[in-house]
Amino acid sequence: MWPKLVKLLTFALVLVLLSACGAGSTATVPTAVPEPTAIPTAIPAPTAAPASTTAPVAESAPTSAMLTPVLPATVTDYQGETVVVESVDRIVSLTGDITEIIFALGMGDYVVGVDSSATYPAEKTKALPNIGYQRRLNAEGILALNPTLVIGDEAAGPPEALAQIRSAGVPVALVADPPTMEAPMQKILFVARALGIPERGYELAGQVEAEIVRARADAVTLPRPPRVLFLYLRGTDVQQVAGANTAIDAMITAAGGVNAATEAGIVNYAPLSAEVVIAAQPDVILVLTKGLESVGGVDGLLQIPGLADTPAGQQRRVLDFDDLYLLGMGPRTGQALADLVAAFKDTVAQTGGS
Ligand code: ZN
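Thresholds applied
Residues numbered from 1 in each chain as written. Predicted model: local features only at pLDDT ≥ 70, side-chain atom pairs only at ≥ 80, totals over all residues. Heavy atoms only, no water. Helix = DSSP H or I, 4+ residues; strand = E, 2+ residues; numbered from the N terminus. Buried < 20%, exposed > 50% of the residue type's maximum accessible area, 1.4 Å probe, protein only. Contact = heavy atoms within 4.5 Å. Areas by Shrake-Rupley, 256 points an atom, 1.4 Å probe, with all protein chains shown as cover. Salt bridge = Lys/Arg side-chain N within 4 Å of Asp/Glu carboxyl O. Phe/Tyr/Trp six-rings, centres within 6.5 Å; stacked < 30°, edge-to-face > 60°. Core = buried A, V, L, I, M, F, W, Y, C linked by side-chain atoms within 4.5 Å. Axes fitted to C-alpha atoms, helices over the stretch in contact; angles between N-to-C directions. Left-handed = near helix turned anticlockwise from the far one by under 90°. Nonpolar A, V, L, I, M, F, W, Y, C, P; charged D, E, K, R; others polar. Pairing = 2+ DSSP bridges. Lys, Arg positive; Asp, Glu negative; His and termini not counted. Polar contact = N/O pair within 3.5 Å; in protein donor to acceptor, adjacent residues only side chain to side chain. Donors = N, O, S within 2.8 Å, 3.2 Å for Na, K, Ca; no water.

1. Brief notes about the overall build of the protein
Part 1 of the argument: A tally of regular secondary structure across the protein gives 15 helices and twelve strands.
Part 2 of the argument: Residues classed as buried in the protein amount to 51% of the 354 residues present.
Part 3 of the argument: The contacts of the protein with a sequence gap of at least 6 include a subset with a gap of at least 24, amounting to 68%.
Part 4 of the argument: Counting every atom, the protein has about 15000 Å² of accessible surface; 56% of that belongs to carbon and sulfur.

2. Details of the pattern of salt bridges
Part 1 of the argument: Across all of its chains, the model carries nine salt bridges by this definition.
Part 2 of the argument: Notably, a salt bridge pairs K187 with D97, separated by 2.7 Å at the nearest N-O pair. Note that K187 is positioned in helix α6 (residues 183-194) and D97 in helix α2 (residues 96-104), a separation of 90 residues in sequence. No difference in accessibility class separates K187 from D97, as the two residues are buried.
Part 3 of the argument: The partner of D218 in a salt bridge is K345, with the nearest N and O atoms 2.6 Å apart.

3. Some points on the packing of aromatic side chains
Part 1 of the argument: Across all of its chains, the model carries two aromatic pairs by this definition.
Part 2 of the argument: With a centroid separation of 6.3 Å and an interplanar angle of 80 degrees, the aromatic rings of Y232 and Y269 are classed as edge-to-face. Within this pair, whereas Y232 is found in strand β7 (residues 227-234), its partner Y269 is found in strand β10 (residues 269-271), the two being separated by 37 residues in sequence.
Part 3 of the argument: Taken together, a centroid distance of 6.4 Å and an interplanar angle of 25 degrees make the contact between F321 and Y325 stacked. Summarising the burial analysis for this pair, F321 and Y325 share the class buried.

4. Observations regarding the nonpolar core
Part 1 of the argument: I151 and L286 are the most contacted members of the largest nonpolar core, which has 66 residues in total.
Part 2 of the argument: With eight residues, α6 is the single largest residue contributor to this core.
Part 3 of the argument: With near-sequence residues (within four places) excluded, I151 lies in contact with I91, V92, S93, L94, I98, I102, A173, F190, V191 and A194.
Part 4 of the argument: In terms of nonpolar packing, the next biggest core, distinct from the first, is built from 22 residues, L229, A261, I285 and I304 among them.

5. Thoughts on the side chain of D97
Part 1 of the argument: Under the relative-accessibility criterion, D97 is labelled buried at 7%.
Part 2 of the argument: Residues in contact with D97, not counting those within four places in the same chain, are D153, D177, K187, L324 and G328.

6. Notes on the packing of α2 against α6
Part 1 of the argument: Two elements in contact, α2 and α6, have axes whose closest approach is 10 Å; the angle formed by their N-to-C orientations is 60 degrees. For the pair α2 and α6, the sense of crossing is right-handed. Listed contacts from α6 to D97, I98, I101 and I102 of α2 are K187, I188 and V191.
Part 2 of the argument: Taken together, the residues that form the contact of α2 with α6 break down as five nonpolar, no polar and two charged.

7. Some words on the sheet that holds strand β6 (residues 172-175)
Part 1 of the argument: One open sheet accounts for four strands, arranged β4-β3-β5-β6; its pairing is parallel. Only two strands of the sheet have a single partner each, and these edge strands are β4 (111-113) and β6. The mean inter-strand angle of the sheet, taken between neighbouring strand axes irrespective of direction, is 30 degrees.
Part 2 of the argument: In terms of strand pairing, strand β5 (residues 149-153) meets β6 through four bridges, oriented parallel. What sits directly across from D153, in β6, is V175.
Part 3 of the argument: Of the strands in this sheet, β5 and β6 touch helix α5 (residues 159-167), which is tilted by about 140 degrees from β6.

8. What about the side chain of D115?
Part 1 of the argument: Relative to the assigned elements, D115 resides in the loop between β4 and α3 (122-126).
Part 2 of the argument: We note that D115 is buried and unpaired, the nearest opposite charge coming from R135 at a distance of 8.8 Å.
Part 3 of the argument: One polar contact links D115 to S117, side chain to side chain, over a distance of 2.7 Å.
Part 4 of the argument: Sequence-distant contacts of D115, defined by excluding residues within four places in its chain, comprise S93, L94, T95, G96, N130, I131, G132 and Q134.

9. Considering the coordination of the zinc ion
Part 1 of the argument: Around the zinc ion, the protein contributes the donor atoms D97 (OD), D153 (OD) and D177 (OD), which lie 1.9 to 2.2 Å from the metal centre.
Part 2 of the argument: Considered as a linear motif, the donors of the zinc ion on their single chain read D-x55-D-x23-D. You can see D97 sitting in helix α2 and its partner D177 sitting in the loop between β6 and α6, a full 80 residues away along the chain.

10. Quick word on unusual backbone geometry
Part 1 of the argument: With an omega of 0 degrees, the peptide bond between L71 and P72 qualifies as cis.
Part 2 of the argument: Among the structural elements, P72 can be located in the loop between α1 (2-21) and β1 (73-76).
Part 3 of the argument: Looking along the chain, the bond that leaves G157 and enters P158 is cis, with omega of 5 degrees.
Part 4 of the argument: For P158, the position within the fold is in the loop between β5 and α5.
Part 5 of the argument: One non-glycine residue, N245, lies in the positive phi region at around 70 degrees.
Part 6 of the argument: Here N245 is to be found in the loop between β8 (238-242) and α8 (247-254).
Part 7 of the argument: Positive phi outside glycine occurs at N268, with the angle close to 60 degrees.
Part 8 of the argument: Along the polypeptide, N268 turns up in the loop between α9 (260-263) and β10.
Part 9 of the argument: Overall, the relative accessible area of 35% leaves N268 in the partly exposed class.

What follows is the structure, encoded as structure tokens:
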């Protein structure tokens, strides 16, 4: 835990230093991410203990000035390809997390199309043309929006559709989306660089990083780790558990929990089975809000064989979160993590502390 935390703090410090280097261009617009009342405290002097100092970050407070992208911008995508962006006037965003990042960077007015996973900010994304599901993209529909930039992450596909967009002369910039707590910062920095506003990227990534560091520091105070089972549900047809190498595994672990599916040997997503439920014996069941609705709420959930007999089932301890908020690894990740830590604290309190 300690070396990891120190590493994160160092990263936060580097981000702050980097944005301080560009102090000439403090022009920003308000972000879609609510400003924490006190800027998170994770920017100690190199020798200070974590979260023990409240460094002033006044120069990163957003102003209402306009952002002026510096173009052309060049990025290297997750496959090692160099992508040159000449114009950000018409952006089609292929994945919900990247859309959320574009808006949080203050560039949402340039977005002309989003995919069906783009649910935040809700009113803005609802009003935009929808290009369908990120893994089943259709090149014609995207090209019809006359994009000057198509941007997303490695979830976007199929590759043939992306190749067709590239061959029409439109830059396609895709960033890696690893299932780690570093993903939000990596994606923010990539998107900001692609949009020609790298300084704003350092600023936002630094804020998100600080929120994550603060939530992790809070997680360390849990008297014991709760056992957590995450279920991905789409009615009775799709019922899966998430083990190692998933975004939710990173979240559960960072929030101080034990992913009971990982402990049961699950890697990636795997079909829910009675064996896994019995081995997992979760203190709490974690689901997506839509998933919980799809099985008819907590009563429906507890009809799944084995679940009612677990500690979580007996006490009806079920947590539900919005999917993009919990799994998106976007700009609200630090807030989602803080929510998870608070919920885990309740769970541990209810299950008898130590
Ligand atoms: Zn993604």
